[in-house]
Each structure stands twice: as C-alpha cells, then as structure tokens.
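# Descriptive analysis of the structure
This is what each chain is made of:
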Number of protein chains: 2
Amino acid sequence: MSAPSRRPFTVEPWTVREPELDLERLGQTESVFALSNGHLGLRGNLDEGEPNAIPGTYLNSYYELRPLPYAEGGYGYPESGQTMINVTNGKLIRLMVDDEPFDLRYGELRRHERVLDLRSGTLTRDAEWVSPAGKAVRVRSERLVSLTQRAVAAIDYRVTPLDAPVLLVVQSELVANEQQPRFVDDPRASAVLAAPLAHERHHADATGATLLHRTKRSHLVMAASMDHEVHGPAGLSVQCTATEHLGRTSVICRLEPGQELRLVKYLAYGWSSQRSLSALDDQVRAALSAAHYTGWDGLSAEQRTYLDEFWSCADVEIDGDAELQQAVRCALFHVMQAAVRAERRPIPAKGLTGPGYDGHTFWDTETFVLAVLTYLVPDAAGDALRWRQSILPLAVERAAQLGLHGAAFPWRTISGLECSGYWPAGTAAFHINADIADAVVRYVAAAADTVFERDVALELLVETARLWRSLGHHDAEGEFRIDGVTGPDEYSALADNNVYTNLMARQNLRAAAEVAVRHPRTAAGLGVDSEEMASWRDAAAAMRIPYDEKLSVHPQAEGFTDHAVWDFEDEPPGHYPLMLHHPYFDLYRKQVVKQADLVLAMQMRPEAFGDLEQMDRNFAYYERITVRDSSLSAATQSAMAARTGHLDLAYDYLGETALIDLDDFAGNTDHGMHIASLAGAWSAIVAGFGGMRAGPDDRLAFAPHLPTALARVSFGMHWRGRHLRVAITPDEAEYRLLRGEQVRLAHHGEEFELSGAEPQRRPIPPLPPRERPEQPPGRAPVPRRPGG
Amino acid sequence: MSAPSRRPFTVEPWTVREPELDLERLGQTESVFALSNGHLGLRGNLDEGEPNAIPGTYLNSYYELRPLPYAEGGYGYPESGQTMINVTNGKLIRLMVDDEPFDLRYGELRRHERVLDLRSGTLTRDAEWVSPAGKAVRVRSERLVSLTQRAVAAIDYRVTPLDAPVLLVVQSELVANEQQPRFVDDPRASAVLAAPLAHERHHADATGATLLHRTKRSHLVMAASMDHEVHGPAGLSVQCTATEHLGRTSVICRLEPGQELRLVKYLAYGWSSQRSLSALDDQVRAALSAAHYTGWDGLSAEQRTYLDEFWSCADVEIDGDAELQQAVRCALFHVMQAAVRAERRPIPAKGLTGPGYDGHTFWDTETFVLAVLTYLVPDAAGDALRWRQSILPLAVERAAQLGLHGAAFPWRTISGLECSGYWPAGTAAFHINADIADAVVRYVAAAADTVFERDVALELLVETARLWRSLGHHDAEGEFRIDGVTGPDEYSALADNNVYTNLMARQNLRAAAEVAVRHPRTAAGLGVDSEEMASWRDAAAAMRIPYDEKLSVHPQAEGFTDHAVWDFEDEPPGHYPLMLHHPYFDLYRKQVVKQADLVLAMQMRPEAFGDLEQMDRNFAYYERITVRDSSLSAATQSAMAARTGHLDLAYDYLGETALIDLDDFAGNTDHGMHIASLAGAWSAIVAGFGGMRAGPDDRLAFAPHLPTALARVSFGMHWRGRHLRVAITPDEAEYRLLRGEQVRLAHHGEEFELSGAEPQRRPIPPLPPRERPEQPPGRAPVPRRPGG
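Residues numbered from 1 in each chain as written. Chains lettered and ligands numbered in written order. Predicted model: local features only at pLDDT ≥ 70, side-chain atom pairs only at ≥ 80, totals over all residues.

## Notes on the packing of helix α7 (residues 431-447) of chain A against helix α8 (residues 450-471) of chain A
When two helices pack together, their arrangement is given by the angle between the helix axes and by the axis-to-axis distance. Residue and element names in this part refer to chain A. At a minimum axis separation of 9 Å, α7 and α8 run at an interaxial angle of 155°. Taken together, the axes of α7 and α8 are roughly antiparallel relative to one another. As α7 packs across α8, the resulting crossing turns out to be left-handed. Where α7 approaches α8, its residues Asn433, Ala434, Ile436, Ala437, Val440, Val444 and Ala447 are matched on the opposing element by Phe452, Glu453, Ala457, Leu460, Leu461, Thr464 and Leu467. Its residues placed into classes, the contact of α7 with α8 shows 11 nonpolar, 2 polar and 1 charged. (Axes fitted to C-alpha atoms, helices over the stretch in contact; angles between N-to-C directions. Helix = DSSP H or I, 4+ residues; strand = E, 2+ residues; numbered from the N terminus. Parallel < 35°, antiparallel > 145°, perpendicular 65-115°, else oblique. Left-handed = near helix turned anticlockwise from the far one by under 90°. Contact = placed C-beta atoms within 7 Å. Nonpolar A, V, L, I, M, F, W, Y, C, P; charged D, E, K, R; others polar.)

## So, the relation of the copies chain A and chain B
The transformation that overlays chain A on chain B combines an axial shift of 0.0 Å with a rotation of 179°, and the residual RMSD is 0.1 Å. In symmetry terms, the pair is related by a two-fold rotation axis. It is Tyr70 of chain A whose C-alpha, among those of chain A, lies nearest the rotation axis, at 2.5 Å. (Least-squares fit on C-alpha atoms with pLDDT ≥ 70 in both.)

## Some details on the interface of chain A and chain B
Contacts between the two partners involve 43 residues from chain A, matched on the other side by 43 residues from chain B. Class assignment of the residues belonging to the side of chain A that touches chain B gives a composition of 20 nonpolar, 13 polar and 10 charged.

## Observations regarding the nonpolar core
Among the nonpolar cores identified, the biggest contains 489 residues, and Ala339 of chain A together with Ala339 of chain B are the most heavily contacted of them. Leaving out residues up to four positions away in the same chain, Ala339 of chain B has contacts with Gly38, Ile347, Val369, Leu373, Val377, Ala380 and Ala384 of chain B. (Core = buried A, V, L, I, M, F, W, Y, C linked by C-beta atoms within 7 Å. Buried ≥ 20, exposed ≤ 12 C-beta atoms within 10 Å, placed from the backbone.)

## Overview of the packing of helix α8 (residues 450-471) of chain B against helix α9 (residues 499-518) of chain B
All names here are of chain B. In the contact formed by α8 and α9, the axes pass within 8 Å of each other and the chain directions differ by 135°. The angle between the axes of α8 and α9 places the two elements in the oblique class. Here the hand of the crossing between α8 and α9 comes out left-handed. Contacts between α8 and α9 involve Glu453, Ala457, Leu458, Leu461, Val462, Thr464, Ala465 and Trp468 from the first element and Ala505, Asn508, Leu509, Ala511, Ala512, Val515 and Ala516 from the second. The class makeup of the residues in the contact of α8 with α9 is 12 nonpolar, 2 polar and 1 charged.

## Side note on helix α7 (residues 431-447) of chain B
The end-to-end C-alpha separation of α7 of chain B is 24 Å, in line with the 24 Å expected for 17 residues at 1.5 Å each. Once α7 of chain B ends, the next one or two residues include Ala448 of chain B, with phi positive near 50°. (Expected span 1.5 Å × (residues − 1).)

## Some remarks on helix α17 (residues 675-689) of chain A
Because each turn of an α-helix spans 3.6 residues, side chains separated by three or four positions end up pointing in the same direction. Residue and element names in this part refer to chain A. Taking 1.5 Å per residue, 15 residues should reach 21 Å; α17 reaches 21 Å between its end C-alpha atoms and fits that length. Where α17 bends most, at Ser683, the angle is about 30°. Most of α17 sits out of view: 15 of its 15 residues are buried. The first or second residue beyond α17 is Gly691, which carries a positive phi of 60°. (Bend = angle between axes of the 7 residues up to and from the residue.)

## Observations regarding the UniProt feature "domain: Glycoside hydrolase family 65 central catalytic" (unreviewed entry) in chain A
UniProt records the feature "domain: Glycoside hydrolase family 65 central catalytic" (unreviewed entry) for residues 329-682 of chain A in the present numbering. Taken end to end, residues 329-682 of chain A is 50% helix and 2% strand, and its two terminal C-alpha atoms sit 9 Å from one another. (UniProt positions renumbered as here; feature names shortened; annotations may be inferred.)

## Here's the deal with the sheet that holds strand β14 (residues 166-175) of chain A
Strand pairing in a sheet takes place through backbone hydrogen bonds and is either antiparallel or parallel in direction. All names here are of chain A. Taken together, the 5 strands give an open sheet; going across it, the order is β9-β8-β14-β19-β18, and neighbouring strands pair in antiparallel fashion. Either end of the sheet is taken by a strand with one partner, and the two such strands are β9 (100-101) and β18 (237-243). By the bridge criterion, 7 bridges tie strand β8 (residues 89-97) to β14 in an arrangement that is antiparallel. Pairing of Asn89 across the sheet is with Val175, part of β14. (Pairing = 2+ DSSP bridges.)

## Focus on the sheet that holds strand β29 (residues 722-728) of chain A
Residue and element names in this part refer to chain A. Across the sheet, 5 strands lie side by side as β21-β28-β29-β30-β33; this open sheet has antiparallel pairing. Unpaired on one side and paired on the other, β21 (317-319) and β33 (760-763) mark the two borders of the sheet. Sheet twist, expressed as the average angle between the axes of neighbouring strands with direction ignored, equals 15°. Sheet topology note: the β29/strand β30 (residues 732-739) ladder contains 6 bridges and is antiparallel. In the sheet register, Arg725 faces β30, and the bridge partner there is Arg736.

## Concerning the confidence of the model for chain A
Per-residue confidence for chain A gives a mean pLDDT of 95, with 97% of residues at or over 70. The ipTM for the predicted assembly is 0.91, set against a pTM of 0.94. (pLDDT = per-residue confidence, 0-100.)

Structure below.
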C-alpha cells in the first residue's frame, strides 16, 4: 500500500495527464482514461489497438450468458451467469507509415502524452514517433463519448509527417470478436468469453460501414456503425469495405512534412432484445447522421456545456492537498460517467470501464453510488431506481423460489436474474434489499418527488418490506430476529441478527408503512392493508439489535464478539487480501472484518447507536479487527472516523478511497474503475468532514470539521429543488443557497434559515481530544502527506 | 414411504429371492444382488449384460480424477475430485440361441428367478426363455466373489435346450469402457466418466484372455484376466481372442434337448499405482491359476466355510418379524461384504455395490460401519483405521493448508485427498476427525489390542487432538469454544459449539492424553510432552456445551433453539427431501433437522446428558423437527427411542433402517446399498433394544428391552478376545460366553461375572410409561407390522 511510485499521472487540478507512456501500466491507464456516458463505454485503448492490456468497448446491459458450474449443486443455485462482453470495437484506427505499422513497441517514441480533461470530457493523445525506417510522424487524437447523444462517440485523428514525405494508410475500423487476453485465475477477475458475437448483417457505403451481430446464447442484437470526415491533400483515396466481423475505411495519401491528414470518425451503437435487425440498423444510422450533422466541434461544445452544468453543482474544492483535489474531481467524473445516461439500466460496479466483476451491479450501487448521484445528478439516481422497479417481477419470482414473500433482488446481475455462484456471500446477503429501500428513501427525501414516491418508491418499499417480514420471525420473547444472513462484511457469513441488516430492515419496514399511508389507493392496489402495515411496524419495533454488555460494544452479529480474534500478529504482510491465503471457513468464524459492517451501520443509521461515546467505542473496537481487504471499506471508515472526531485518520482513509485508481491501491484497476469507492470519497468529505445528514425528517443537517492538513473544503449539492454550497475552513462554515427557495438547515445542532439573499456563516466548535484508534499491524491507512 | 408394494423380493430367513424379473427395479436388484469382498465388487447385472440400469464392476480405490468446477472459487477448494470407475467387466457372458441373442426383452420369459444366498455367498439365477423363433432354453448361473481369494470371482454358467436341438454360441468376455447410462441431475448421484480406461496391453491364450489398462488422469494400472473350464458335448469349439478393450472366449456347440453346456469362468483382478505392467499381469494370472486350481467347488466350499464362521458370531435372530429377520441378515451380509477384504483401503458409503457418492468414504464409515465391524469382524475394523493412519500425511498437510495443527481428514475421499466441492457441508464438518478418534477408542476397548493402541491409535488420537486444540479457543470466561463448524445434521451449517462436535472433541482430547500416558516413549516420538497433554485436558475440561435453560433442552448448537421452527404444516408431502425444494440458506437458519445430530450426540456420549429425563426431553424436542431426509438418521432415532423407553417407536425406525434397500425407502438403492444405514440396523438392535454400552472404563453393559411385537432377539459379538451371545425375551435376558475367558458384564446396572460354564439369566425390569414423541406431519416412520 505505498502510493506515489505507482502513479503514472501528474498532479493538476482539472486534468489527468500521463506525460509519458508506461506499457507496464497500460491496464491501469486504459481504465482511468475510459470514456463513458453510462450507455456506451470505451476503454482508454490506444487508437491503433495494440499494445493493450484489455481491449474494451461496452454497451450497458449487453451481455452473454455462460454456465455457472458447481462441484456439488443445490436447489436455487443459478444455472447461468451473465458477462458483459467486449462489443464491436469502433475506436480502432490503424496507421501505416510508408511500409511500417505505427506501433509504439517498435521504432522510437520521442514523445507521448495523454490527457483526460475533466471539463471537456475528452481524452487527447499527442505522440511523436519515428518508424524503424526513420520516418518521423506526429499523431494527435481526441476522443469523446457524448454525454448529450448517448449512442455516439467520436474521434478526431490527425497525422503529420515531421521530417520527410511519407505515404500514409489510415485504416479506421469496426472489429467484432476482438482477440481477448486470458485473465489470471483470480476470483475477482471476470470470466472471458471468446468470440461471443455471431454475424447478422454488414454493409459499407462511401465513407463508413455498419456491422450487426447477435450474441449466441443471450440472443441480444447489436449494431455498430461508423462514418468519417476526411481532410487531407488532393489525391487522397477513401475506400470502404465490410465483411462479417470487420468494417474498414481506408484512407491513403502522400503527405509532405507539415501537411496534415485529419480524420473525424463518428460512431454510433445500439442494441436490443426485441427490435428487428432493420430497425436497429436504422437506429444507429440515424444516431450517426445526427452526430455527423452536429459535427466534431458541435459534439465537443455540447460536451463542455453539459460538464459545465455538472461541475457547477458537483465540484468539490480542496485547498491544501492538490493530489486529493485532482483525485476527487477525477472520482466524480467517473461516477458521473458511469451513470448519467444509463437510463433505467443498471450501473455496474466498474461502470463501463472494464470487465471486472463481469460487468455486474451489486448493492454498492445503491449504498455508495446513489448516495452521491442523489445529490449531484438526481435524475440518474431516479433512473437507477426505476431500473430496480423494472426488475421487480424477477425479484418477486426469486423470492418465491426461495420460499419468501415480496422481492429478493439479485446479489449480482445485469439483467435482473441472480448471477451469484456462491450463495453464502450472494443470495444470503439479503441486505441488498434494504439497501435499495434505503436509496429509495434517500432519493425521495432529497428530490421531494411525490410522483416517484407513489409510482416507484412505494412498490419497491412494499415488496422489500414483505421480504423482511417473511425472512424474520418473532422469538419466544417477542423480539424480531433475522437469522442466517450475511451482512456487508464478506469475512463473515450466515450469522443471526447482523446489526447492519436488522437496522436497515427496520428502516425498510417503517418506510414502507409510512409511504403506504401517504398513498393509500396505490398501496391498496398492491394489496397492502392496515393489518400488513401493522405487521411491518410491529416487526420494526421489535427488531433485535444485539449488544455485548461485557465489552460495551455492538457485536456485528449475534455472538460475533465471542469468536476468536484473528491472529494478526502472525500474519505475513504479503498475506493480504486474506481470502487469497485462508479458507472462508476460518475467516467466517473469527473476528476479522474485510469491510466496514457495524461501522457502516453506524454511518447509515446513527440514531440507533445512542451517544457519540458509544459510536466511538464501537469504531475503535472494529478498527482493531478491520483489514480493509475490500475497496468498499475506506470511505466508510473515513466518514465514521470524522464523525467520531478522528479527523486525521479520516483524512488518511479519504486519501485511500479517492486515490484507489490513480494510485492503483487495490492492484486491479486494470479491470476497471472502483466506482463505489470513488463515490465514497465524496461521501467521506460531505458526510464525514461536512457531517452532512439528511435525517428521516427530511431535514438537512451539517456538523463540519476539517482535518489539520486542509485549509478549506467546499462542496455543492442538490436538495429538494435547491442548489446549495457549503464551504468549510478550520474555524467556520459558510452556507450558500445558489438556486431555489429558502431552506432550513442545521449546523452542529443549531437550526437556521438559509435564503438566496446572503450566505450564512457559523463557527465550528472545537473537538474533544480523542485517542487515535489502532488498526491491525500493517493495516493502518497510508499516512496522507498533503501536496503532490 | 410405503413399503411392501415396492419390494421385488420374497421373505425368507437366509435368502433374498426375486421370484420374477422386474425390469423397472433392475437398478435396485443390481445393488441388492451385488457381490463383493471389499476389494472387488460386481453389481448384480444379468450375465448377458443387457438390459441393465447401471453396469458395475469395481475395484476398491481404483478411481479416475475429474476437475471440480466452481462458479466462484476460493482458497483451499479442492481442484480435483475422484470417482470410482466401472472397471473392465468380466461377468459378461452373452448367449446366442441359433441366430438370436438371449435377451429377456425379446421372446418369452417363462420363468426367471434370482437368489442371493446369505450363507453360501452366491447369487444364483435360473431362467427359462423361449427365443422369438420358438427355441426354449434353460439358463442357470451361479456367481461368487471370493471371500478367501480376494482377487477372484467365478461364475458357473449352464445352458440346456428344452424342446429342440439348438446351435449355441456362448461369448464369455472382458469388456473395458462399457457404455454407461447418463445419470439424472441429482446431487446425490455420482458423476459419470465415459471411457476412463486407456489400453496398455492385452493377450489371449487357449481358454482365456487378459486386458491391462491405465486411467488417463490418475494413472492407475489395472489388469483383468479370465480363464474357463468348458464342459459340453463332443465337437464343441473354443476360441479366444483379445483386442484393446475386449477379451472374448467363444464356445460353440450343438445341443440336443436335455444336454448341457457348462462353462466355469474364473476371473482375477488387480490394480496398482506402482507395480509394472508385467508384475501386474503376472499377479492376476497367478490369482487366476490359484482360482482355477481351487476349482468352482473348492471356491464354493471356502466361501461357505468363511460365512459359517462369520454367521456363528454375527447372526441376529429375530422371532416375531420374518421380514425384519431377513432384512437384518441381508444388512449384515452387505456390511461384511463391503469391508472384509478391503485391507487398509477405505470402505465406501455404498461399499462396492454402485457408483453412488462417487465411491467416496465419509464419516459414516467410522460412526456407523465400524461400530458394527468392531464387534463382528474386528480385523476389518482395525484395517479400516490403519487406512486412516496411512493417509495421515495428507490429513496433516490439509490441516496446515487450513491454518490448523494436527490432522484434518477429508470429508469425502478415495485416496485421502479432500474431494468435497461444497465446503460448508464438507471441510467445515470437522467432526469427522473426532469420529475417527471415537472409532479408534472403540476398537481399542473392544479388541484390547495394545500393539494397535501404540502403533496406530496413539498417532491418530494425537493428531486429531492437535486439530481440536487449534480449532477451538478459550473465550473470556475460560470456556473452550469451537466456532463455525458443521455438525452431522446437513440442514445446519457453520454453527458455534455444535454439541455433538464439542462432546466428540472432548473425548478425542481426553483419549489422546490418556493413551499418550500409557505409551510415553511413542508419544514423545510424536513430539507430545506433558504441556501439550495438559492443554488437551484443559480444553476438554473447559469444553462449552450450550444448554437452553428456558426450554430445558440442549440446543443442537449455540442459538439453535432461538431459530424459527420450520413450517412443517405447509410443506407438501412431495417436498421431501427438503433440500430438493428449498435452498440451503433457508434450511440452515431454521429448526429443521435432516439427520440425528443432538440425538446422535446422546447415543455416542450419553454420560454428558445427565439423567434419562433430560435425554427424553431432548429426544422428544428433536423428534418434532427431524425430517429424516438422510438414510443416516433412522438407526440413531431407533437406538435413542429405545434408550429413552419408546420401544415401539424404536421398532418402527428399525424397520426403516434395516429395510432401506430391500424396500428402496430412499428411492436411490439403484446407486448402491446404504452400507451405514444397514450397519445402523445392528446398532439399533444391540445398542437400542440390547442397551449395549461399551463404557469408557472398558466395561460392557446391557440394558435390554424388547418392543411388544418381538418375542425374542438374540445377537452375538466379539469382546476383548471373547465371543458373547445375548438373547432377549420380553421378560428376561440370557447371556452366554461362547469363547474366551470369564468376563464381567452389567445388566441394567447390576454387574455380574459370566463364564463359559453356564449362561446367566436376568429379569428385565418394567419400563415407566412414556408419551410417544411426535414427528413432523407425514414424517413419522412407517408403522411396522410384523410378519411379511
């Protein structure tokens, strides 16, 4: 876990710049430089395709099925998994300089720079290369995936000879079933499917080509189409061809030094499980026509306008740590990219930046990603929850298969069907249902959207409440227990009364009843009557929350604190993540925590933990046994460290979560960006240092404190139609209402009214000194040295 | 669970007779009629090979490897499984009558009878068949797998035309890689490996042939060889050929009505992982020569002599229930067959009678099978434990892989390597180690074999004690806990302080210390010092045994009685076994018991449960939630019902366990005999009705009681070099010493000396009336109606 030596990027406020090419880090840079709009994603592969770590072009929810094998099967095990596949690659532009291919592994690379611009939403590349035969060329490209035209990507590609005349051949292509690398045998890496696309149709015209394919098992049809503008000297030749798996536009010309060949490539993608080949063919051609009509400059301008609007609210300013400043902006950019045009499709754990986790969506979308989108891109959050509503029929069917009422959402999925092949850490992790309900409650509170509440929220809350009611039972003393489930911590499984699960289920049950009361007719249409609502409230009121009286802490689950504490002292440093060196058997039965679980419960439901002293005792207890083998932990540890007054520790954790991909902390950024961890950086700042809490009473409260290293932090958010900005310095906080009506806020418990007329300033009370909690040996976060 | 209609057999005291062929029950009869000596096993397939349900010829520990697939892998998961394979079929004798093959599916079958004779150890068949062309023949065969020459089987085959002269061709064959059926997708059915044998060598001589093969992945070499005696009319022709996968001896002759063609086929088998092809070739030819030299009559006589000796001790006489009488003898025959010549090889769950469970050995060998063999065939019990000792190095390696000390024996295996592909019900079921230790303690007590104690028992006890010491830990109160393990009940998993496991581990720890004290030098050689022994004793003394004070019963494991009770009322009768209709998730977290667990703990360690009233409360509690979806349950329920005074209930359960295969209660006898369940029938009689208990003080005690239906039960056993027989009537018990020195016994707590001079008779005290415990709806045992 050492950082700076790994980073191929310079520190700049609004860009991520790779000043020279590092072939060893190609996988990481392909992910960091990935462009996406939530519908279409292009990894940051080099224009010429090779060398690469993982070539990747993705369409949200376009997947292939693969069998899930079991050494010993069981009832209810999913037979089929889904894998997001690498679709037809349209970003490929090969270049031949005289008779030699432009390939950075050969010849001499004089200069190579790539820049991801977070305000323009483009990836630019600038290279000077001398061929093995001594011909020098400059190649510049700029790439975007449109945030305004969701089917569209475009590339502006330019070549100039530097010293001598050259004969250039540019081959701009669409390639289906690209050759894929073989991934290592790591449970975290996804399965690879070779050649998943079957040819359906292809055609070429004067300046482009179109390919239509169908997946072999999932029977999803996709179309990819390209068109070009070519600018170059007279005598230039353009030829287009198409075959089953290849569309190619070849541009051939002779250039003198200083002359330029410019190619603007427009790409359009589409897929469907229902539309005909002709309809899909027309659809992508129409998208392509619109893109061509808009033109490169038009697309670029739209992109910048879109991002200006995004950043006007979303930007987080950090004074005192330039590295963190860059990291947080990059994080928000990727979170936005993953979701903004997903439009009632899932938001995968890696967005559309890589093949990690097979492109599946997990609970972390609701818990970490929507916790940010709700406040920064509310429509995207609403759409993601509408996707959950769209898969409710499958979730209801799954619950019935499991012998339960209501809905049991899949642990991991693309289409809505359960894809988890290991049920103790999949199906048994029922908390995902309460996490979805929590995201619903959060969104309704923040967006104040009563139509959504009635049409979407109610149904999701009712079906998840029904699940909890059937999953739990009252014991002889009348307590409501939820036995044999798995909480967020994946180093525990199948425990009784997991505190996180029970608290989240309690909120779920109560929220269902409350929303049903507000929409009685719709609720009645869902079969909800007052008896059922009463049974939810009763179960919520009787919910068992275990407590260890001897240790004065909350056990993560029933009996957890009776278990042996993991022998951290004898664990070699190289043995993390522990799951690669120890059996689940041993991890499950001991006190060792992979990722915040009880601590996450405190972040999500602080009202259940009494006073701050109790929270601090709990936090310190779990710090000692949390190894942070999951990227979903540091953000929560940061937020709760800040809430319990350990600001410098919170700052260290914030660094880890914000820099997880720029520094490749987890060592697997090559498989895609850690979208939830990146989202967690925002929550760590806003909910941690900002102390933001959107209470169950729809009141927005803050309790800001800064770590010593930071001079000022400012963040914005949407809140019930308003647009707020909060700036924090060590001594005071400033609240500004940038848009919308007057609002009532709280600052460290003191309520006040904020109007657009003038900002409100409030002093920050001093914190009592606290002893810094300890982590297992070697598992403390990297101490953060501001700067960069 | 209705019985008689399923049974294709008549009720006779010493034979299992199928009076007419039932092709629908071919799978069941192939298993029931299987012959084996523990080294070589032949399923009861028809001589002519077809029709069949599952063709089967097995050699103990001859297996092929197959990959174990996982949808999501994990550390310590076994990558490779082992499957006992169908080896070269030598029992095949095809017959051509004129130009038509003898095939019972065609023509007319006038008569067909098969008889398994439990005293001669042979399977005979007598058929009269008319070919489609109208030629009637009588075919008789008799088959044995020698109990005295372990590599050898033999078949006496005779054909006689009944009405008209016929031209007969008899093809006696060796066939490798027989075509196998595709098994249904049932987790209990084993994997099939098609064509696992690769040719190595073949040759034919004047009257037989030999084939040598090697498995493709496990690289085990096997040889099968056949020789023949032919008796028939003049002009008879004998031809032998051999090719890669086929050896064939063809006998051709014309027979007049009444004339007989008789073929005696001798078979010899061998396999090795080390010996050369030539050595193995010679080995089977030598075995074949010895068999031929002994001759059919000699082999038959040896067989009967062997069995006379076996039955002289082992026989159980039951007056008042002819069906049960037959079933118990058949059960003992199969238990004997599975083990008697296994000779330091494992005893598979199905013996060598079918492919069920892939031919693997589980804990039930030690717990159920050795509990019988120890008293009836002590040498076989000792050999089975010596096999465990032989795989200790692998078990020590496995423990180290799991981060534990000592030995972790595999949950299921052939070679000693773990083959379980589902760890919550495999690796986590650590009780197998205490079960082995228990079998060691039992054998040492019963055999009084101090050499075994020093050379075998000590090492097994020490390494398993070390496992427990490292698996458990002392909690803050000083109690020794064993967390996160799976007990015998497969409808629970990963629980803390499973009472069965903790009690068995306690005995294991104590026994290791005691035996180490008796053999200090050998113990020192194993690195045992007085500190280690003290740590075992301390852990045993501090062992946590949870108790539910509110219900006054022992929970199966920590918190078990807090869980929801399974909704038995709403379970449709067709939904058993529950595991085929409900996810493990739901089964694990509720009070529903697949097979005796706490009740087994009471059978194995009654001294830990205080008085009989406590045992009766526990028994009644678990009866209400035990569904008996495992064949390993009824025997224990029978024994504990008898111990707690529910004699008629015990009698019902005894019927189910003894008749499990004759009545095909589990519906899967086609995959092989349930050896542990059959062994359990003996324990249910002897430990249940006989109240036999071999105490930790090496004292043998009885507390007999008969159910109302039975007039008399008598059983025999070996005990420390003696041979005892106990006869029980409703009013009294008679104890006889048939061999060996005077012995001290106890009858209902009263001790007495028994010498060979005269039997001792003791009255049986009356039992207090008790309320019959209830079972879940529809899960009461079939009420036993004596007779048959």
